[in-house]
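# A look at the structure
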Amino acid sequence: MTRFSLIASALMSLASITGVFPAAAADFQAATAKTDITPADLVSLWGYSDRSSPATGTHDPLYAKVLLLDDGSTRLAWVTLDLGRPFGSQSMNLVRDRVKGSAGVTHVCFSASHTHSAPSIDEFYETGKRPAWETAALDRIAVAIESAATRLVPALIGTGDGSVLIGHNRRFVRPDGTVKMLWRNVTKMPTHPLDPRVGVIRIDNRDGNTLAVVVNYACHPVVFGPDNLEYSADFPGATAEVVEAALGPDCICLYLQGAPGDINPYYDKMKLEEGAETLMRETGRQLGEEALRVAKAVVPTEPMTPEIQVSLETRHFNLRYDTTDLLEQLRARGVNPETIERYRAYLATPMDCVVTTVLLNRDVAVMGMPGEPFVEFGLNFRDRAPAAVSYFAGYCNGYFGYFPTIRAAVEGGYGAEGITSRVEVGAGEAMVDMAVIRLLKMQGLLKSEP
(Lines give C-alpha, C1' and ligand atoms only; values in the text may rest on other atoms or scores of the structure.)
Protein backbone atom coordinates (compact mmCIF):
# COMPACT_ATOMS: atom_id res chain seq x y z
CA MET A 1 0.00 0.00 0.00
CA THR A 2 1.41 3.43 -0.96
CA ARG A 3 1.64 6.29 1.52
CA PHE A 4 -1.20 8.01 -0.35
CA SER A 5 -3.42 4.92 -0.01
CA LEU A 6 -2.68 4.96 3.72
CA ILE A 7 -3.72 8.62 3.93
CA ALA A 8 -6.95 7.85 2.07
CA SER A 9 -7.67 4.91 4.37
CA ALA A 10 -7.12 7.08 7.45
CA LEU A 11 -9.50 9.73 6.14
CA MET A 12 -12.20 7.10 5.52
CA SER A 13 -11.75 5.76 9.05
CA LEU A 14 -12.11 9.26 10.47
CA ALA A 15 -15.25 9.79 8.42
CA SER A 16 -16.81 6.61 9.78
CA ILE A 17 -16.22 7.84 13.32
CA THR A 18 -17.54 11.37 12.79
CA GLY A 19 -20.31 10.43 10.37
CA VAL A 20 -19.09 13.07 7.92
CA PHE A 21 -18.30 11.98 4.36
CA PRO A 22 -17.12 14.12 1.44
CA ALA A 23 -19.60 14.90 -1.33
CA ALA A 24 -19.60 12.45 -4.23
CA ALA A 25 -17.05 13.38 -6.86
CA ALA A 26 -17.74 13.58 -10.56
CA ASP A 27 -16.82 10.64 -12.76
CA PHE A 28 -13.35 10.28 -14.21
CA GLN A 29 -14.08 10.22 -17.93
CA ALA A 30 -11.97 9.48 -20.99
CA ALA A 31 -12.08 9.30 -24.77
CA THR A 32 -9.53 8.84 -27.53
CA ALA A 33 -9.02 9.85 -31.13
CA LYS A 34 -6.41 9.32 -33.82
CA THR A 35 -5.71 11.31 -36.97
CA ASP A 36 -3.25 10.99 -39.84
CA ILE A 37 -1.00 14.07 -40.08
CA THR A 38 1.33 12.79 -42.81
CA PRO A 39 2.03 15.69 -45.21
CA ALA A 40 0.30 15.43 -48.56
CA ASP A 41 3.28 17.18 -50.14
CA LEU A 42 6.98 16.39 -50.01
CA VAL A 43 8.80 18.72 -47.62
CA SER A 44 12.14 18.93 -45.84
CA LEU A 45 12.71 16.35 -43.13
CA TRP A 46 13.65 16.86 -39.51
CA GLY A 47 16.73 15.76 -37.66
CA TYR A 48 19.65 15.13 -40.00
CA SER A 49 21.61 17.99 -41.53
CA ASP A 50 23.18 15.80 -44.25
CA ARG A 51 20.05 14.67 -46.06
CA SER A 52 20.30 14.92 -49.83
CA SER A 53 16.76 16.06 -50.59
CA PRO A 54 13.25 16.60 -49.18
CA ALA A 55 10.93 13.66 -48.55
CA THR A 56 10.24 11.36 -51.48
CA GLY A 57 7.17 9.56 -50.11
CA THR A 58 5.63 7.78 -47.14
CA HIS A 59 7.00 4.63 -45.52
CA ASP A 60 4.40 4.53 -42.74
CA PRO A 61 1.82 7.12 -41.62
CA LEU A 62 2.49 9.84 -39.07
CA TYR A 63 -0.27 10.11 -36.48
CA ALA A 64 -1.48 12.50 -33.84
CA LYS A 65 -3.20 10.57 -31.06
CA VAL A 66 -5.47 12.16 -28.48
CA LEU A 67 -6.19 11.05 -24.93
CA LEU A 68 -8.96 13.23 -23.50
CA LEU A 69 -9.55 13.13 -19.74
CA ASP A 70 -12.25 14.89 -17.71
CA ASP A 71 -13.07 15.11 -14.00
CA GLY A 72 -16.12 17.35 -14.23
CA SER A 73 -14.21 20.61 -13.90
CA THR A 74 -10.92 20.09 -15.76
CA ARG A 75 -10.69 18.68 -19.28
CA LEU A 76 -7.19 17.70 -20.45
CA ALA A 77 -6.25 16.64 -23.96
CA TRP A 78 -2.83 15.00 -24.23
CA VAL A 79 -1.73 14.80 -27.87
CA THR A 80 1.18 12.58 -28.88
CA LEU A 81 2.79 13.36 -32.23
CA ASP A 82 4.82 11.24 -34.63
CA LEU A 83 7.06 14.25 -35.21
CA GLY A 84 10.60 15.33 -34.43
CA ARG A 85 9.41 18.06 -32.08
CA PRO A 86 6.13 19.65 -31.00
CA PHE A 87 4.77 22.54 -33.02
CA GLY A 88 5.79 26.10 -32.17
CA SER A 89 3.92 27.94 -29.44
CA GLN A 90 1.81 29.96 -31.88
CA SER A 91 0.66 26.81 -33.67
CA MET A 92 -0.12 24.95 -30.44
CA ASN A 93 -2.09 27.93 -29.15
CA LEU A 94 -4.24 27.93 -32.30
CA VAL A 95 -5.45 24.46 -31.34
CA ARG A 96 -5.78 25.33 -27.66
CA ASP A 97 -7.86 28.43 -28.32
CA ARG A 98 -10.13 26.61 -30.75
CA VAL A 99 -10.93 23.57 -28.61
CA LYS A 100 -11.38 25.63 -25.47
CA GLY A 101 -14.41 27.20 -27.11
CA SER A 102 -15.61 24.28 -29.22
CA ALA A 103 -15.01 21.38 -26.83
CA GLY A 104 -14.57 22.87 -23.36
CA VAL A 105 -10.95 21.68 -23.18
CA THR A 106 -9.12 23.55 -20.45
CA HIS A 107 -5.61 22.25 -21.22
CA VAL A 108 -3.92 20.76 -24.28
CA CYS A 109 -0.47 19.18 -23.92
CA PHE A 110 1.56 18.22 -26.99
CA SER A 111 4.46 15.77 -26.90
CA ALA A 112 6.48 14.41 -29.81
CA SER A 113 8.16 11.04 -30.27
CA HIS A 114 11.22 12.71 -31.88
CA THR A 115 11.29 10.56 -35.01
CA HIS A 116 13.89 11.86 -37.47
CA SER A 117 11.75 10.85 -40.45
CA ALA A 118 9.07 13.51 -40.09
CA PRO A 119 8.72 17.01 -41.58
CA SER A 120 10.74 19.94 -40.30
CA ILE A 121 9.00 22.40 -37.98
CA ASP A 122 9.96 25.98 -37.19
CA GLU A 123 9.15 27.75 -33.94
CA PHE A 124 7.67 30.80 -35.66
CA TYR A 125 6.36 31.64 -39.12
CA GLU A 126 5.72 34.98 -40.74
CA THR A 127 2.04 35.71 -41.35
CA GLY A 128 0.76 33.46 -44.09
CA LYS A 129 4.00 31.42 -44.24
CA ARG A 130 3.02 28.42 -42.11
CA PRO A 131 3.48 25.31 -44.31
CA ALA A 132 0.28 23.86 -45.76
CA TRP A 133 0.94 20.45 -44.20
CA GLU A 134 1.24 21.98 -40.73
CA THR A 135 -1.93 24.04 -41.12
CA ALA A 136 -3.77 20.90 -42.20
CA ALA A 137 -2.32 18.89 -39.30
CA LEU A 138 -3.38 21.49 -36.72
CA ASP A 139 -6.93 21.45 -38.09
CA ARG A 140 -7.07 17.64 -38.01
CA ILE A 141 -5.81 17.59 -34.42
CA ALA A 142 -8.46 20.10 -33.35
CA VAL A 143 -11.15 18.03 -35.10
CA ALA A 144 -9.87 14.90 -33.35
CA ILE A 145 -10.07 16.59 -29.93
CA GLU A 146 -13.56 17.89 -30.72
CA SER A 147 -14.62 14.41 -31.78
CA ALA A 148 -13.24 12.85 -28.60
CA ALA A 149 -15.16 15.39 -26.52
CA THR A 150 -18.45 14.02 -27.88
CA ARG A 151 -17.54 10.47 -26.83
CA LEU A 152 -16.40 10.84 -23.21
CA VAL A 153 -17.40 7.89 -21.02
CA PRO A 154 -16.76 6.95 -17.38
CA ALA A 155 -13.32 5.36 -17.27
CA LEU A 156 -11.08 3.10 -15.21
CA ILE A 157 -7.33 3.61 -14.95
CA GLY A 158 -4.42 1.38 -14.05
CA THR A 159 -0.64 1.49 -14.30
CA GLY A 160 2.21 -0.96 -14.57
CA ASP A 161 5.92 -1.23 -15.25
CA GLY A 162 8.05 -3.48 -17.40
CA SER A 163 11.65 -3.48 -18.56
CA VAL A 164 13.43 -3.88 -21.87
CA LEU A 165 16.72 -2.73 -23.35
CA ILE A 166 16.61 -1.62 -26.98
CA GLY A 167 19.31 1.01 -26.70
CA HIS A 168 22.36 2.39 -24.95
CA ASN A 169 23.88 5.58 -23.57
CA ARG A 170 25.72 7.09 -26.51
CA ARG A 171 28.11 9.18 -24.38
CA PHE A 172 31.02 6.95 -23.38
CA VAL A 173 33.01 8.75 -20.68
CA ARG A 174 36.63 7.66 -20.69
CA PRO A 175 38.66 7.25 -17.47
CA ASP A 176 40.30 10.64 -18.08
CA GLY A 177 36.87 12.31 -18.17
CA THR A 178 36.74 12.95 -21.91
CA VAL A 179 33.76 11.78 -23.97
CA LYS A 180 33.62 9.51 -26.99
CA MET A 181 30.31 9.30 -28.85
CA LEU A 182 29.12 5.72 -29.17
CA TRP A 183 26.48 6.19 -31.84
CA ARG A 184 25.86 2.52 -32.61
CA ASN A 185 26.18 -0.40 -30.25
CA VAL A 186 25.28 -3.50 -32.24
CA THR A 187 27.27 -5.72 -29.83
CA LYS A 188 25.05 -4.37 -27.01
CA MET A 189 27.96 -3.48 -24.77
CA PRO A 190 26.64 -2.38 -21.35
CA THR A 191 26.51 1.38 -20.86
CA HIS A 192 25.44 3.73 -18.10
CA PRO A 193 23.22 5.48 -17.16
CA LEU A 194 20.14 3.94 -18.79
CA ASP A 195 16.43 3.80 -18.13
CA PRO A 196 15.06 0.40 -19.20
CA ARG A 197 11.67 1.01 -17.60
CA VAL A 198 8.59 0.55 -19.79
CA GLY A 199 5.92 2.62 -18.09
CA VAL A 200 2.33 1.80 -19.01
CA ILE A 201 -0.97 3.53 -18.33
CA ARG A 202 -4.09 1.60 -19.33
CA ILE A 203 -7.51 3.22 -19.53
CA ASP A 204 -10.70 1.16 -19.97
CA ASN A 205 -14.38 1.97 -20.12
CA ARG A 206 -16.71 0.40 -17.57
CA ASP A 207 -17.46 -2.47 -19.94
CA GLY A 208 -13.81 -3.53 -19.74
CA ASN A 209 -12.89 -2.39 -23.25
CA THR A 210 -9.45 -0.82 -23.42
CA LEU A 211 -9.58 2.72 -24.79
CA ALA A 212 -5.93 3.68 -24.45
CA VAL A 213 -2.52 2.30 -23.61
CA VAL A 214 0.16 4.92 -22.97
CA VAL A 215 3.72 3.60 -23.37
CA ASN A 216 6.44 5.69 -21.74
CA TYR A 217 10.01 4.84 -22.76
CA ALA A 218 13.28 6.72 -23.30
CA CYS A 219 15.13 6.13 -26.58
CA HIS A 220 15.89 8.21 -29.69
CA PRO A 221 13.76 6.98 -32.65
CA VAL A 222 16.66 6.99 -35.09
CA VAL A 223 16.94 3.47 -36.48
CA PHE A 224 16.28 5.02 -39.88
CA GLY A 225 19.22 7.19 -40.93
CA PRO A 226 19.60 10.18 -43.26
CA ASP A 227 19.41 8.01 -46.39
CA ASN A 228 15.77 7.30 -45.59
CA LEU A 229 13.76 10.00 -47.33
CA GLU A 230 10.29 8.65 -46.59
CA TYR A 231 8.02 9.77 -43.77
CA SER A 232 8.10 7.31 -40.88
CA ALA A 233 7.28 7.15 -37.18
CA ASP A 234 10.37 4.92 -36.80
CA PHE A 235 10.22 2.28 -34.04
CA PRO A 236 7.52 4.01 -31.89
CA GLY A 237 5.11 3.45 -34.78
CA ALA A 238 6.00 -0.24 -34.87
CA THR A 239 5.56 -0.43 -31.08
CA ALA A 240 2.07 1.05 -31.32
CA GLU A 241 1.15 -1.40 -34.09
CA VAL A 242 1.99 -4.37 -31.83
CA VAL A 243 -0.19 -3.08 -28.98
CA GLU A 244 -3.12 -1.95 -31.10
CA ALA A 245 -3.23 -5.16 -33.13
CA ALA A 246 -3.50 -7.23 -29.95
CA LEU A 247 -6.01 -5.10 -28.03
CA GLY A 248 -8.50 -4.44 -30.79
CA PRO A 249 -9.74 -1.60 -32.99
CA ASP A 250 -11.07 0.51 -30.10
CA CYS A 251 -7.63 0.74 -28.44
CA ILE A 252 -5.21 3.53 -29.27
CA CYS A 253 -1.57 3.20 -28.21
CA LEU A 254 0.09 6.53 -27.45
CA TYR A 255 3.90 6.63 -27.35
CA LEU A 256 5.07 9.04 -24.64
CA GLN A 257 8.74 9.69 -25.23
CA GLY A 258 10.80 9.81 -22.05
CA ALA A 259 14.20 11.41 -21.42
CA PRO A 260 16.37 10.08 -24.27
CA GLY A 261 18.72 13.01 -24.84
CA ASP A 262 21.75 10.70 -24.54
CA ILE A 263 20.05 7.38 -25.37
CA ASN A 264 20.29 5.81 -28.83
CA PRO A 265 18.87 2.55 -30.17
CA TYR A 266 21.48 -0.18 -30.53
CA TYR A 267 20.94 0.03 -34.28
CA ASP A 268 21.46 3.75 -34.80
CA LYS A 269 21.08 5.48 -38.18
CA MET A 270 21.16 2.23 -40.11
CA LYS A 271 21.42 2.55 -43.87
CA LEU A 272 18.61 1.10 -45.94
CA GLU A 273 21.08 -1.33 -47.51
CA GLU A 274 22.03 -2.49 -44.00
CA GLY A 275 18.47 -3.65 -43.30
CA ALA A 276 17.16 -0.53 -41.56
CA GLU A 277 13.56 -1.53 -42.27
CA THR A 278 13.88 -4.92 -40.55
CA LEU A 279 15.87 -3.52 -37.61
CA MET A 280 13.40 -0.68 -37.07
CA ARG A 281 10.49 -3.10 -36.89
CA GLU A 282 12.39 -5.52 -34.67
CA THR A 283 13.26 -2.72 -32.24
CA GLY A 284 9.63 -1.62 -32.13
CA ARG A 285 8.44 -5.20 -31.73
CA GLN A 286 10.61 -5.81 -28.67
CA LEU A 287 9.31 -2.71 -26.94
CA GLY A 288 5.74 -3.34 -28.08
CA GLU A 289 5.64 -6.90 -26.79
CA GLU A 290 6.89 -5.85 -23.36
CA ALA A 291 4.39 -2.97 -23.23
CA LEU A 292 1.63 -5.37 -24.25
CA ARG A 293 2.63 -7.89 -21.58
CA VAL A 294 2.44 -5.17 -18.93
CA ALA A 295 -0.82 -3.72 -20.27
CA LYS A 296 -2.54 -7.11 -20.17
CA ALA A 297 -1.48 -7.58 -16.53
CA VAL A 298 -2.82 -4.18 -15.43
CA VAL A 299 -6.24 -4.18 -13.75
CA PRO A 300 -7.79 -0.72 -14.20
CA THR A 301 -10.03 0.53 -11.38
CA GLU A 302 -12.25 3.51 -10.69
CA PRO A 303 -10.25 6.34 -9.08
CA MET A 304 -10.93 6.90 -5.39
CA THR A 305 -10.47 10.61 -5.97
CA PRO A 306 -11.37 11.60 -9.53
CA GLU A 307 -9.34 14.73 -10.04
CA ILE A 308 -7.15 16.21 -12.77
CA GLN A 309 -4.65 18.89 -11.83
CA VAL A 310 -2.60 20.57 -14.55
CA SER A 311 0.12 23.20 -14.37
CA LEU A 312 1.91 24.84 -17.30
CA GLU A 313 4.52 27.15 -15.80
CA THR A 314 7.03 29.19 -17.80
CA ARG A 315 10.62 29.50 -16.66
CA HIS A 316 12.97 31.87 -18.50
CA PHE A 317 16.58 30.81 -19.06
CA ASN A 318 19.53 32.53 -20.68
CA LEU A 319 21.53 31.43 -23.69
CA ARG A 320 24.61 29.45 -22.78
CA TYR A 321 26.81 30.79 -25.60
CA ASP A 322 27.31 33.85 -27.75
CA THR A 323 25.13 33.37 -30.84
CA THR A 324 27.57 35.00 -33.26
CA ASP A 325 30.34 32.58 -32.33
CA LEU A 326 28.10 29.57 -32.88
CA LEU A 327 26.98 30.69 -36.33
CA GLU A 328 30.58 31.39 -37.35
CA GLN A 329 31.48 27.84 -36.32
CA LEU A 330 28.75 26.53 -38.60
CA ARG A 331 30.00 28.58 -41.54
CA ALA A 332 33.53 27.34 -40.94
CA ARG A 333 32.22 23.75 -41.06
CA GLY A 334 30.61 24.40 -44.45
CA VAL A 335 27.00 24.13 -43.32
CA ASN A 336 24.67 25.33 -46.09
CA PRO A 337 23.20 28.86 -45.80
CA GLU A 338 19.58 27.65 -45.50
CA THR A 339 20.46 25.53 -42.47
CA ILE A 340 22.41 28.41 -40.92
CA GLU A 341 19.36 30.67 -41.28
CA ARG A 342 17.22 28.03 -39.54
CA TYR A 343 19.75 27.95 -36.71
CA ARG A 344 19.76 31.76 -36.53
CA ALA A 345 15.98 31.75 -35.97
CA TYR A 346 16.32 28.82 -33.56
CA LEU A 347 18.91 30.65 -31.47
CA ALA A 348 16.85 33.85 -31.43
CA THR A 349 13.89 32.11 -29.76
CA PRO A 350 13.42 33.39 -26.19
CA MET A 351 14.34 30.72 -23.66
CA ASP A 352 10.85 30.64 -22.15
CA CYS A 353 10.50 26.97 -21.24
CA VAL A 354 7.12 25.57 -20.24
CA VAL A 355 7.34 23.07 -17.39
CA THR A 356 4.35 20.74 -17.59
CA THR A 357 3.07 19.05 -14.43
CA VAL A 358 -0.01 16.83 -14.33
CA LEU A 359 -1.46 14.92 -11.38
CA LEU A 360 -4.24 12.42 -12.09
CA ASN A 361 -6.49 11.25 -9.28
CA ARG A 362 -3.88 12.18 -6.67
CA ASP A 363 -1.55 9.30 -7.52
CA VAL A 364 -0.40 9.41 -11.18
CA ALA A 365 2.09 12.19 -11.93
CA VAL A 366 3.47 13.29 -15.30
CA MET A 367 6.20 15.86 -15.90
CA GLY A 368 6.98 17.32 -19.31
CA MET A 369 10.16 19.13 -20.40
CA PRO A 370 10.30 21.14 -23.67
CA GLY A 371 13.30 19.63 -25.41
CA GLU A 372 15.76 16.75 -25.28
CA PRO A 373 16.47 15.89 -21.62
CA PHE A 374 19.32 13.60 -20.67
CA VAL A 375 18.20 10.32 -19.13
CA GLU A 376 19.11 11.27 -15.55
CA PHE A 377 16.29 13.82 -15.46
CA GLY A 378 13.64 11.16 -16.00
CA LEU A 379 15.20 8.94 -13.35
CA ASN A 380 15.57 11.81 -10.90
CA PHE A 381 12.01 13.00 -11.33
CA ARG A 382 10.58 9.54 -10.74
CA ASP A 383 12.71 9.15 -7.61
CA ARG A 384 11.46 12.44 -6.16
CA ALA A 385 7.87 12.77 -7.41
CA PRO A 386 5.37 12.65 -4.49
CA ALA A 387 2.97 10.27 -6.18
CA ALA A 388 2.32 6.56 -6.24
CA VAL A 389 3.55 6.34 -9.83
CA SER A 390 5.16 8.90 -12.12
CA TYR A 391 6.11 9.38 -15.76
CA PHE A 392 8.47 11.76 -17.53
CA ALA A 393 7.92 13.19 -21.01
CA GLY A 394 10.50 14.93 -23.16
CA TYR A 395 9.73 17.03 -26.26
CA CYS A 396 6.66 18.36 -24.46
CA ASN A 397 4.93 21.68 -25.13
CA GLY A 398 7.94 23.21 -26.87
CA TYR A 399 11.44 22.61 -28.10
CA PHE A 400 14.65 24.21 -26.83
CA GLY A 401 17.31 21.72 -27.86
CA TYR A 402 19.21 19.49 -25.47
CA PHE A 403 19.12 19.68 -21.69
CA PRO A 404 22.31 18.01 -20.41
CA THR A 405 22.98 17.53 -16.73
CA ILE A 406 25.47 19.89 -15.12
CA ARG A 407 28.02 17.10 -14.99
CA ALA A 408 27.52 16.22 -18.67
CA ALA A 409 27.91 19.89 -19.62
CA VAL A 410 31.32 19.83 -17.98
CA GLU A 411 32.33 16.58 -19.70
CA GLY A 412 31.10 17.65 -23.14
CA GLY A 413 30.10 15.55 -26.11
CA TYR A 414 27.19 15.85 -28.50
CA GLY A 415 24.12 17.25 -26.81
CA ALA A 416 26.16 18.57 -23.89
CA GLU A 417 27.96 21.39 -25.69
CA GLY A 418 27.87 23.46 -28.87
CA ILE A 419 24.81 24.59 -30.80
CA THR A 420 22.72 21.61 -29.75
CA SER A 421 22.91 22.68 -26.10
CA ARG A 422 22.02 26.36 -26.19
CA VAL A 423 20.21 26.76 -22.84
CA GLU A 424 22.18 27.81 -19.79
CA VAL A 425 23.70 25.03 -17.70
CA GLY A 426 21.45 23.89 -14.87
CA ALA A 427 18.17 24.49 -16.72
CA GLY A 428 17.17 20.82 -16.61
CA GLU A 429 17.79 20.51 -12.89
CA ALA A 430 15.79 23.70 -12.27
CA MET A 431 12.80 22.40 -14.24
CA VAL A 432 12.72 19.09 -12.39
CA ASP A 433 12.77 21.04 -9.12
CA MET A 434 9.84 23.15 -10.35
CA ALA A 435 7.77 20.08 -11.19
CA VAL A 436 8.48 18.37 -7.86
CA ILE A 437 7.53 21.55 -5.97
CA ARG A 438 4.34 21.90 -8.00
CA LEU A 439 3.38 18.28 -7.27
CA LEU A 440 3.98 18.78 -3.56
CA LYS A 441 1.58 21.73 -3.69
CA MET A 442 -0.97 19.72 -5.68
CA GLN A 443 -0.82 17.01 -3.02
CA GLY A 444 -1.29 19.57 -0.28
CA LEU A 445 2.05 18.63 1.23
CA LEU A 446 3.71 22.00 0.68
CA LYS A 447 1.82 24.94 2.12
CA SER A 448 1.90 28.46 0.70
CA GLU A 449 1.49 29.89 4.21
CA PRO A 450 3.15 28.92 7.52
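Residues numbered from 1 in each chain as written. Predicted model: local features only at pLDDT ≥ 70, side-chain atom pairs only at ≥ 80, totals over all residues. Heavy atoms only, no water.

## Structural notes on empty space enclosed by the protein
One water molecule sets the probe size; rolling that probe over the atoms shows where empty space is left. On inspection of all chains with the given rule, the structure shows five cavities of 30 Å³ or more. Quantified by volume, the largest cavity comes out at close to 160 Å³. Looking at the largest cavity, the residues that line it are L67, L69, L76, W78, T80, I201, V214, L254, L256, V358, L360 and V366. Classifying every residue of the lining of the largest cavity gives eleven nonpolar, one polar and no charged. Estimates place the volume of the second largest cavity at around 60 Å³. Lining the second largest cavity we find D195, R197, N216, Y217, A218, G258, A259, G378, R382 and F392. Considered class by class, the residues forming the lining of the second largest cavity number four nonpolar, three polar and three charged. (1 Å grid on protein atoms, 1.4 Å probe; cavity = no way out; pocket = protein on both sides within 12 Å on 5 of 7 lines; lining within 4 Å. Points joined across faces, edges and corners; volume = space filled by probe spheres on them. Nonpolar A, V, L, I, M, F, W, Y, C, P; charged D, E, K, R; others polar.)

## With respect to the pairing of strand β13 (residues 252-257)
Taken across its six residues, β13 has six buried, putting it largely inside the fold. Note: strand β11 (residues 210-217) against β13, six bridges, orientation parallel. Considered in β13, the bridge of Y217 is made with Q257. (Buried < 20%, exposed > 50% of the residue type's maximum accessible area, 1.4 Å probe, protein only. Helix = DSSP H or I, 4+ residues; strand = E, 2+ residues; numbered from the N terminus. Pairing = 2+ DSSP bridges.)

## A few points about the packing of aromatic side chains
Here the structure, examined in full by the defined rule, presents eight aromatic pairs. Ring geometry for F374 versus Y402: centroids 6.4 Å apart, planes at 90 degrees, classification edge-to-face. Of the two residues, F374 is situated in the loop between β18 (372-373) and α8 (375-384) and Y402 in strand β20 (residues 402-403); the sequence distance between them amounts to 28 residues. Here Y402 and Y414 contribute two aromatic rings whose centre-to-centre distance is 5.6 Å and whose plane-to-plane angle is 80 degrees, an arrangement assigned as edge-to-face. A residue pair is termed long-range when its members are at least 10 positions apart, and Y402 in strand β20 and Y414 in the loop between α9 (406-411) and α10 (427-442) qualify at twelve residues. The rings of W183, F374, Y402 and Y414 are connected pair by pair, giving a single aromatic cluster. (Phe/Tyr/Trp six-rings, centres within 6.5 Å; stacked < 30°, edge-to-face > 60°.)

## Digging into the nonpolar core
Counting residues in hydrophobic clusters, the biggest one holds 49 residues, and the most contacted among them are V79, L81, F87, I141 and I145. Per element, the largest residue contribution to this core is nine residues, and it comes from helix α3 (residues 132-149). Within the second largest apolar cluster, 30 residues are counted, among which are F400, V423, M431 and V436. (Core = buried A, V, L, I, M, F, W, Y, C linked by side-chain atoms within 4.5 Å.)

## Observations concerning the confidence of the model for the chain
Across the chain, the average pLDDT comes to 92, with 94% of residues at 70 or higher. In this model residues 1-25 is a low-confidence stretch, pLDDT under 50, and it forms 16 contacts with partners more than four residues away in sequence or in other chains. (pLDDT = per-residue confidence, 0-100. Contact = heavy atoms within 4.5 Å.)

## Re unusual backbone geometry
In this model, H192 is joined to P193 through a cis peptide bond whose omega is -5 degrees. Relative to the helices and strands, P193 resides in the loop between β9 (179-181) and β10 (197-205). You will see that K269, though not glycine, has its phi angle at about 50 degrees, which is positive. Mapped onto the elements of the fold, K269 is located in the loop between β14 (263-265) and α5 (276-297). A positive phi angle, close to 55 degrees, is found at Y395, a residue other than glycine. Relative to the helices and strands, Y395 is located in the loop between β19 (389-393) and β20.

## Notes on the packing of α8 against α10
In contact at an axis separation of 10 Å, α8 and α10 are set at 25 degrees when each is read in the N-to-C sense. As summarised for this structure, α8 and α10 are arranged roughly parallel, according to the angle between their axes. As α8 packs across α10, the resulting crossing turns out to be right-handed. From α8, F377, N380, F381 and R384 reach across to α10, where they touch G428, E429, V432, D433, A435, V436 and L439. Of the residues belonging to the contact of α8 with α10, the class tally is six nonpolar, two polar and three charged. (Axes fitted to C-alpha atoms, helices over the stretch in contact; angles between N-to-C directions. Parallel < 35°, antiparallel > 145°, perpendicular 65-115°, else oblique. Left-handed = near helix turned anticlockwise from the far one by under 90°.)

## Looking at the sheet that holds strand β17 (residues 364-368)
On the basis of which strands lie adjacent, the open sheet formed by four strands has the order β15-β16-β17-β19 and mixed pairing. Each end of this open sheet is capped by a strand with a single partner; those strands are β15 (308-316) and β19. With strand direction ignored, the average angle separating the axes of adjacent strands in the sheet is 15 degrees. The sheet strands contacting α8 are β17 and β19, and the helix crosses β19 at an angle near 155 degrees. Of the strands in this sheet, β15, β16 (352-360) and β17 are in contact with α10, which crosses β16 at around 35 degrees.

## Looking at the sheet that holds strand β6 (residues 153-163)
Spatially, eight strands are ordered β5-β4-β3-β1-β6-β10-β11-β13 in an open sheet, and the strand pairing comes out mixed. One side of each edge strand has no neighbouring strand; the edge strands of this open sheet are β5 (107-112) and β13. The average angle at which neighbouring strand axes cross in this sheet is 25 degrees, direction not considered. With nine bridges joining them, β6 and β10 adopt antiparallel strand pairing. By the bridge assignment for β10, S163 is matched with R197.

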